[in-house]
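# Results of the structural survey
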Amino acid sequence: MSNSFVTQSHDVVDTDKSIIKIALVILVNVLLALSTSYFLSAGSWLAGMVFFVIFLACFTLQNLFIKSLEKLFLAAALISGALALPFYSDFSGYFVLALGVLIVLIFKSSFDSRKELEQAMRIRFLKVARLSMGLSFPAIIIFLGLLSFMRGSGFTEDSVRSFLKPTTPLIQRYVGSFSPDIKVQDLLNDVTVSNLESQAK
C-alpha cells in the first residue's frame, strides 16, 4: 500500500498533461519576474524584493509540476525575457550575453530539480527548493545587478568584465566553460553537451 501511495504521489507531481495549467503556471511566473525586474529597475527595492520572494516560491512549484524539459526551457526563456524587458533600452552585445547566460542557468536549475524528482523515491520539497533557488537566485541577482550597472555612466567593456570576474567561480560551478569573454553560442553549446552527458549517466 505504501508503495502504491508513493507511486501515485510521484505520478501526480510528474504529470504535465494539462496545457492550460502549464500555461497558467508559466504565465504567473513570467508576470512575477516582470514585476520584480520592473520595480527593482525603478528603484522600488521593497516591492521588487517582495515580488522576487513570491517568484522564487512559484518557480519551485513550476519545477515540481512541469515534467517536459522542452516546456521548462520555454519557461526559462520567457522568465528571462521578462526579467530583461525593463532594461531593453540598454540593449547591447553584453545585454544579449547576460540574457543568454541567464536562460541557461535558470534552465539548469529546473533541469537539476526535475532530475532529482525523477530519481527520488520520495518527494523532498526542501531539496527541490534548494536546487531550484541555489542557482537561479544568484543568477537573477547578478543579472539584474549587471543590467543596473550597465545603465550607469561607467559602463565600458573593461568595467563589465570587472563586474563579471568575481562571479565567474560561482557560475563555473555549474557551467565550467564560462568566462567573461565567452560567446553566447559557445556557452550554449557547452551547456547543451554537458546536460546531454548528465542525462546519459
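Anything mentioned here points back to the structure above.
Anyway, here's the lowdown on the structure attached to this text. Residue positions within a chain follow its written sequence, with the count starting from 1. The predicted origin of the model limits local features to residues at a pLDDT of at least 70 and limits the giving and counting of side-chain atom pairs to 80 or more, whereas totals for whole chains, interfaces and linings rest on all residues. Water and hydrogen atoms were dropped before computing side-chain values, which therefore reflect all heavy atoms in the structure.

## Details of the overall build of the chain
A tally of regular secondary structure across the chain gives 9 helices and 0 strands. Only runs of H or I of at least four residues qualify as helices and only runs of E of at least two qualify as strands under DSSP, and these elements are numbered from the N terminus. Element order for the chain, N to C, with α for helix and β for strand: α-α-α-α-α-α-α-α-α. Each residue's exposure class comes from its accessible area (1.4 Å probe, protein chains only) as a fraction of the maximum for that residue type: buried when under 20%, exposed when over 50%, partly exposed otherwise. Buried residues in the chain amount to 42% of all 201 residues. Residues count as neighbours in contact if any of their non-hydrogen atoms are within 4.5 Å of one another. Counting contacts in the chain only where the partners sit at least 6 residues apart, residues at least 24 apart contribute 71% of the total. In short, Shrake-Rupley with a 1.4 Å probe defines the accessible areas, and a residue's cover is counted only from the protein chains shown. Accessible area for the chain stands at about 11000 Å²; split by element, carbon and sulfur atoms hold 66% of it.

## A word on the nonpolar core
By convention a nonpolar core is built from buried Ala, Val, Leu, Ile, Met, Phe, Trp, Tyr and Cys residues, the set being connected through side-chain atoms within 4.5 Å. Counting residues in each nonpolar core, the largest one holds 36 residues, and the members touching the most others are Phe55, Ile79, Leu83, Leu102, Ile106, Ile140 and Phe143. Elements with a minimum of two residues in this core: helix H2 (19-41), helix H3 (45-65), helix H4 (69-84), helix H5 (93-119) and helix H6 (125-151). If you tally residues by element for this core, the top one is H5, at 9 residues. Beyond its immediate stretch of four places on either side in the chain, Ile79 contacts Asn29, Val30, Ala33, Phe55, Phe59, Gln62 and Ile106.

## Quick look at a nonpolar patch on the surface
Residues enter patches when they are more than 30% accessible in relative terms and free of salt bridges; like-charged ones are connected within 9 Å and nonpolar ones (Val, Leu, Ile, Met, Phe, Trp, Tyr) within 5 Å. Whenever Lys or Arg places a side-chain nitrogen within 4 Å of a carboxyl oxygen from Asp or Glu, that contact is recorded as a salt bridge. A cluster of nonpolar side chains, namely Leu24, Leu27, Val28 and Leu31, defines an oily patch on the protein surface of about 350 Å² accessible area. With respect to the helices and strands, the residue Leu27 is situated in helix H2.

That is the geometry; function is a separate question.
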